[in-house]
Amino acid sequence: MSKIQVYGWDVSPYTAKVRSYLTYKQLDPVFNTPTALQLNFKIKKDVGQIIMPVVYDNDQAIQDSSLIVDYFENKYRSKSVIPPEPLHKICSYLLELMGDEWLPLAALHYRWNYPENKTFIFEEFGRSALPKYPKFMQQFVAKKMGEKMAGYLPVLGINEAMQQPLEINTHKILNALNLHLGQHEFLFGSRPSLADFSLYGPIYAHLHRDPFPDKLLKSYPHIIKWINTLNGPINLHNGEWLDTPTLPLSLFPLFQTWSQTHAPLIKSSIKGFNDWCEYYPDKTLIPRKFGSATLNIDGVQSKRLNLSYVLWMWQRLQQVYQNLADVEKVTVDALLNQLGVLEMMQTPLAKKIQLKQCRLHLAPC
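What this report covers is the structure whose coordinates are included nearby. No experiment lies behind these values; they were computed from the predicted model shown.

### Concerning helix H9 (residues 194-208)
- Compared with the 21 Å implied by 1.5 Å per residue over 15 residues, the 20 Å span of H9 between its first and last C-alpha is a close match.
- At tyrosine 200, H9 is bent by approximately 30°, the largest bend along its length, and proline proline 202 sits one to four residues beyond.
- In terms of residue burial, H9 counts as a mostly covered element, since 14 of its 15 residues are buried.

Next up, the structure:
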């Protein structure tokens, strides 16, 4: 059997998530740094877009970190990263949403709004994209790529007025995570979960690895220890899940922050999608955006695009919720009600969605 091949760069948070996950699962993956040529031809041909990471299992190309986790969780049952306790399971998926869809705001802000990072990032981009080319060519290509990435800041609502509230919000998350990790090795016990790998991705690849702000994580020693564990020989790690059906109190601040900031954006995406389904009943390719939405962090507001990708993530979470038995939903519903998202969780999207070739489509009837 051929080895699992992973194509991604060290600067990519989703590559970090997948790398650590596959290593933990003891699948012995081979990691490849794709060149610009491979990205433009091999990767784009196989998955429809220049994107990272892409995982090849024999001839099958799998893109999207969540799909990759789902695929290998179904194929290899040992060392599962999904907690068995219903409340912990739902919470792990909720924190995956925070890691994959909320923390990228902070990741992009710190990387591109601190100009001191550009030398480091451009060298990383250039060396990865054009490893055998002269440095001036590496720098030219890297700057083009960097400009494209920085262009996502206004798309996400990160303007000058939003920078300070976003940093305060980020430190709230880091402080809550650090306090929790001071009491538990991982988020749901002494073994890593889907939530651990998902939060680790942007925190490691951006907040920890990028050089500025200098020592951003210096006040969070438990996070640094957690990063080093997930970034080390995690394949050798064993542990146990929390043996209580309740949620540690130290996790509540993370969920409260998520519900106050990210949940309203998901609600806007759901409304945009449902309206689009009504207005365009014959279309099947879902647009990448539904107009604009309002980003609100502690009363500071900005306009951003009302993006559609999170709908697939939310539908995935709803499916996990729907598969719970009624008795298992009691504690889950109590938490979701406290967070103000119970109705959102229980209300199906207007139509089912599938992710194919990096685009969202309506699922066939």
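### So, the pattern of salt bridges
- Applying the stated criterion across every chain yields a total of 16 salt bridges.
- Ionic pairing is found between lysine 3 and aspartate 28, a salt bridge with its closest N-O pair at 2.2 Å. Here lysine 3 is found in the segment before strand S1 (5-7), whereas its partner aspartate 28 is found in the loop between helix H1 (13-24) and strand S2 (30-32), with 25 residues between them in sequence.
- For aspartate 28, a relative accessible area of 47% translates into the label partly exposed.
- A salt bridge links lysine 172 to aspartate 298, with the nearest nitrogen and oxygen atoms 3.2 Å apart. One end of the pair, lysine 172, is in helix H8 (residues 160-181); the other, aspartate 298, is in the loop between strand S5 (289-297) and strand S6 (300-307), and 126 residues separate them in sequence.
- According to the relative accessible area criterion, lysine 172 is partly exposed, its value standing at 39%.
- A single network of salt bridges, built from pairs that share partners, joins Lys17, Asp70, Glu96, Asp100 and Arg316.

### Focus: the nonpolar core
- Grouped together as the largest cluster of nonpolar side chains are 117 residues, with contacts concentrated most on Ile203, Ile223, Trp226, Phe273 and Trp314.
- For this core, the element with the highest residue contribution is helix H4 (residues 86-112), accounting for 15 residues.
- Ignoring any residue separated from it by four or fewer positions in sequence, one finds phenylalanine 273 in contact with Ile286, Phe290, Leu311, Leu349, Ala350, Lys351, Ile353 and Leu362.

### Topic: the pairing of strand S8 (residues 359-362)
- Because side chains alternate across S8, one face comprises the buried residues Leu360 and Leu362, and the other comprises Arg359 and His361, none of which is buried.
- Here strand S7 (residues 353-356) runs beside S8; their pairing, made up of 4 bridges, is antiparallel. When the sheet's bridge partners are listed, leucine 355 is paired in S8 with leucine 360.

### Things to note about helix H6 (residues 135-150)
- Between its first and last C-alpha, H6 extends 22 Å over 16 residues, near the 22 Å set by a 1.5 Å rise per residue.
- Residues of H6 that are buried: Gln138, Ala142 and Gly146. Buried residues of H6, seen end-on, are gathered within an arc of 65° and therefore sit on one face of the element. Turned more than 90 degrees away from the buried face of H6, the exposed residues are Phe136, Phe140, Glu147 and Lys148.
- In this fold, the buried residues of H6 make contact with H4 and helix H5 (118-129).

Scoring rules and cut-offs
Residues numbered from 1 in each chain as written. Predicted model: local features only at pLDDT ≥ 70, side-chain atom pairs only at ≥ 80, totals over all residues. Heavy atoms only, no water. Helix = DSSP H or I, 4+ residues; strand = E, 2+ residues; numbered from the N terminus. Expected span 1.5 Å × (residues − 1). Bend = angle between axes of the 7 residues up to and from the residue. Buried < 20%, exposed > 50% of the residue type's maximum accessible area, 1.4 Å probe, protein only. Salt bridge = Lys/Arg side-chain N within 4 Å of Asp/Glu carboxyl O. Core = buried A, V, L, I, M, F, W, Y, C linked by side-chain atoms within 4.5 Å. Contact = heavy atoms within 4.5 Å. Pairing = 2+ DSSP bridges. Arc of directions from axis to C-beta.

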